[in-house]
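Here is how the chains run, residue by residue.
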Amino acid sequence: MDRATPDHPYNALTPDAVMDALWAVGLQPDGRLQSLNSFENRVYQAHLDEPVQGHRQVVVKFYRPERWTEAQLLEEHGFAQELTEAEVPVVPPLSLQGATLHRHGDFHFSVSPRRGGRRPELDDFEVLEWIGRFLARIHTVGAARPFVYRPALNAATFAHEPRDWLLQHDAVAPEVRTAWSQALGEALQIIEGHAVLRPATGDAPALATVRLHGDCHPGNVLWTPEGEPGAGPHFVDLDDARSGPAVQDLWMLLSGDRRQQTHQLSALLEGYEQFCPFDRRELALIEPLRTLRLIHYSAWIARRWDDPAFPINFPWFGSRDYWQGQVDMLVEQIEAMQEPPLNV
């Protein structure tokens, strides 16, 4: 693929620009600024001369231009505030000068308190049960009303549209384009023909969809050890919040072989069902959702190739070997989707 362009909007985010944005919303940065790991947005930790709402360190997030509309960003912020009011441990943006969403140059940005933590020990079933309880509380809030502006997670948004974009932009290596298209088409047939995704009948009501975290992998769950203030999990980065089945926020926390995943899922649901019922039919969606994420991931990288961070961090992307690997993984997923779901 072509290399990144030197005039990408993120190139304008110099340290001075970040400091200017903070001063513009009434904060007083002391000059210390640390870039945090984020490919999708640009995120910085800043130290303040004067604390804001009790916080001397804040995290400022500059959203990727043109990814979300202002209405969609505000809907994410509103969801975070609802969760906070329900005492769910998320990290919402601060309200500064009467707003949570701000504008500086070409960027929308927000400022949040800095919250430390480490990745959770997901081989500890008590940790998984604890996370499960809070995921249920997220979904209880998420079920109260739908998103109006943010999209749903489904085959249209995570497979058809990404596939069409990749083919229209000649992003797939020519040597394996046919094989990739055929494997993807076969996978989509299985996903869209799935019994639990068919319209409701008298005997089988449709699956519920709720507002989700959307990207609940272990890196977005920070853990504070017991005995410290705020012990337990807290959830960060609602940037991918959208509507979908509840199991979307559970399956990315599973790892290992089938037996290990079954035990992990049992622990998650042990906690989850203390607060919220879980429709066991959704377990059949784990492999279809994994397949949708696989398809969406390739388009996610390809669309951002003009961002200097992407060629540097994904140098293998776009090669024949990369796309052959995608074909092989789709074939594996086709087989996995036809196996019985995890039985918990």
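Structure's up top.
Residues numbered from 1 in each chain as written. Predicted model: local features only at pLDDT ≥ 70, side-chain atom pairs only at ≥ 80, totals over all residues. Heavy atoms only, no water.

So, on to the overall build of the chain. Regarding its fold elements, the chain presents ten helices and nine strands. Oriented by its inertia axes, the alpha-carbon framework of the chain measures out at about 60 × 50 × 35 Å. Taking the intrachain contacts of the chain between residues at least 6 apart in sequence as the baseline, contacts between residues at least 24 apart amount to 72%. Entry remark: accessible area of the chain is about 16,500 Å², with carbon and sulfur atoms responsible for 49%. When the 30 positive and 48 negative side-chain charges of the chain are each reduced to one mean point, those points stand 1 Å apart. (Helix = DSSP H or I, 4+ residues; strand = E, 2+ residues; numbered from the N terminus. Contact = heavy atoms within 4.5 Å. Areas by Shrake-Rupley, 256 points an atom, 1.4 Å probe, with all protein chains shown as cover. Lys, Arg positive; Asp, Glu negative; His and termini not counted. Charge placed at Lys NZ, Arg CZ, Asp CG, Glu CD.)

Here the structure, examined in full by the defined rule, presents 20 aromatic pairs. Ring plane angle 80° and centroid distance 6.0 Å describe the contact between Phe62 and Phe107, whose orientation is recorded as edge-to-face. Of this pair, Phe62 sits in strand 3 (residues 55–62) while Phe107 sits in strand 5 (residues 107–113), placing them 45 residues apart in sequence. Where Trp300 meets Phe310, the ring centres are 5.2 Å apart and the plane angle is 70°; that geometry is what we call edge-to-face. Linking Trp300 in helix 8 (residues 286–303) with Phe310 in helix 9 (residues 309–313), this pair joins segments that are ten residues apart in sequence. Members of the aromatic cluster, connected to one another through ring pairs, are Phe39, Trp180, Tyr297, Trp300, Trp305, Phe310, Phe314, Trp316, Phe317, Tyr322 and Trp323. The ring of Phe275 carries the charged tip of Arg137 above its face, separated from the ring centre by 5.9 Å. (Phe/Tyr/Trp six-rings, centres within 6.5 Å; stacked < 30°, edge-to-face > 60°. Lys NZ or Arg CZ within 6 Å of the ring centre and 35° of its normal.)

Turning next to the sheet that holds strand 5. Read across the sheet, five strands follow the order 1-2-3-5-4 without closing on themselves; strand pairing throughout is antiparallel. Across the chains shown, the open sheet's two edge strands, defined by having one partner strand only, are strand 1 (29–36) and strand 4 (102–104). Within this sheet the neighbouring strands show an average axis-to-axis angle of 35°, counted without direction. Along the sheet, helix 1 (residues 15–24) contacts strand 1, strand 2 (42–52), strand 3, strand 4 and strand 5; its crossing angle with strand 1, the most-contacted strand, is approximately 120°. (Pairing = 2+ DSSP bridges. Axes fitted to C-alpha atoms, helices over the stretch in contact; angles between N-to-C directions.)

Here we come to the nonpolar core. With 77 residues, the main nonpolar core has Ile131, Leu135, Leu166, Phe235, Tyr272 and Trp323 as its most contacted residues. Residues in contact with Leu166, not counting those within four places in the same chain, are Ala171, Val172, Trp180, Ser298, Ala299, Ala302 and Trp323. (Core = buried A, V, L, I, M, F, W, Y, C linked by side-chain atoms within 4.5 Å. Buried < 20%, exposed > 50% of the residue type's maximum accessible area, 1.4 Å probe, protein only.)

Counted at 1.5 Å a residue, the expected span for helix 7 (residues 258–272) with its 15 residues is 21 Å, and the 20 Å between its end C-alpha atoms agrees. Residues of helix 7 that are buried include every one of Gln261, Thr262, Gln264, Leu265, Ala267, Leu268, Leu269, Gly271 and Tyr272, and no others. The opening residue of helix 7 is Asp257, an N-cap whose side-chain oxygen sits 3.2 Å from the backbone nitrogen of Arg259. (Expected span 1.5 Å × (residues − 1). Polar contact = N/O pair within 3.5 Å; in protein donor to acceptor, adjacent residues only side chain to side chain.)

We now examine the side chain of Glu75. In this fold, Glu75 is placed in helix 2 (residues 70–85). Of the buried charged residues, Glu75 lacks a salt bridge, with Arg150 as the closest side chain of opposite charge at 5.5 Å. Within polar-contact distance, the side chain of Glu75 engages the backbone nitrogen of Tyr149 at 2.8 Å. If we ignore the near neighbours within four places in the chain, the residues touching Glu75 are Phe147, Val148, Tyr149 and Arg150. (Salt bridge = Lys/Arg side-chain N within 4 Å of Asp/Glu carboxyl O.)

A few words now on a negative patch on the surface. Together, Glu121, Asp123, Asp124, Glu126 and Glu226 make up a negatively charged patch on the protein surface. Tracing the backbone shows Glu126 in helix 3 (residues 125–142). (Patch = residues over 30% accessible without salt bridge, like charges linked within 9 Å, V, L, I, M, F, W, Y side chains within 5 Å.)

It is worth spelling out the pattern of salt bridges at this point. It is possible for side chains bearing opposite charge to pair when their charged atoms get close. Taken as a whole, this structure holds 18 salt bridges when the rule is applied. Its salt-bridge partner being Asp240, residue Arg67 comes within 2.6 Å of it at the nearest N-O pair. Here Asp240 lies in the loop between strand 8 (232–235) and strand 9 (243–244) and Arg67 lies in the loop between strand 3 and helix 2, a separation of 173 residues in the sequence. Residue class for Arg67 comes out partly exposed when judged on its relative accessible area of 22%. Across the pair Glu161 and Arg303 runs a salt bridge, and its minimum N-O distance is 2.3 Å. Pair noted here: Glu161 is in helix 4 (residues 155–168) and Arg303 is in helix 8, with a separation of 142 residues, a long-range link. The partly exposed category is assigned to Glu161, whose relative accessible area is 36%. When its relative accessible area of 31% is taken as the criterion, Arg303 is described as partly exposed. Here the salt bridges share partners, and the residues they tie into one network are Glu40, Arg42, Arg64, Arg67, Asp239, Asp240, Arg304 and Asp307.

This part takes up unusual backbone geometry. A positive phi angle is found at Glu66, which is not glycine, with a value near 75°. Note that Glu66 resides in the loop between strand 3 and helix 2. Since its relative accessible area comes to 82%, Glu66 is described here as exposed. Unusually for a residue other than glycine, Asp170 sits at a positive phi of about 50°. Position of Asp170 relative to the elements: it lies in the loop between helix 4 and helix 5 (177–192).

Running from N to C, helix 3 and helix 7 point in directions that differ by 50°, and their axes come no closer than 6 Å. As far as their axial angle goes, helix 7 and helix 3 are oblique. For the pair helix 3 and helix 7, the sense of crossing is right-handed. Contact with helix 3, carried on its side by Phe125, Leu128, Glu129, Ile131, Gly132, Arg133, Leu135, Ala136 and His139, involves His263, Gln264, Ala267, Leu268, Glu270, Gly271 and Tyr272 of helix 7 and no other residues of that element. Of the residues in the contact of helix 3 with helix 7, the class split is eight nonpolar, five polar and three charged. (Parallel < 35°, antiparallel > 145°, perpendicular 65-115°, else oblique. Left-handed = near helix turned anticlockwise from the far one by under 90°. Nonpolar A, V, L, I, M, F, W, Y, C, P; charged D, E, K, R; others polar.)

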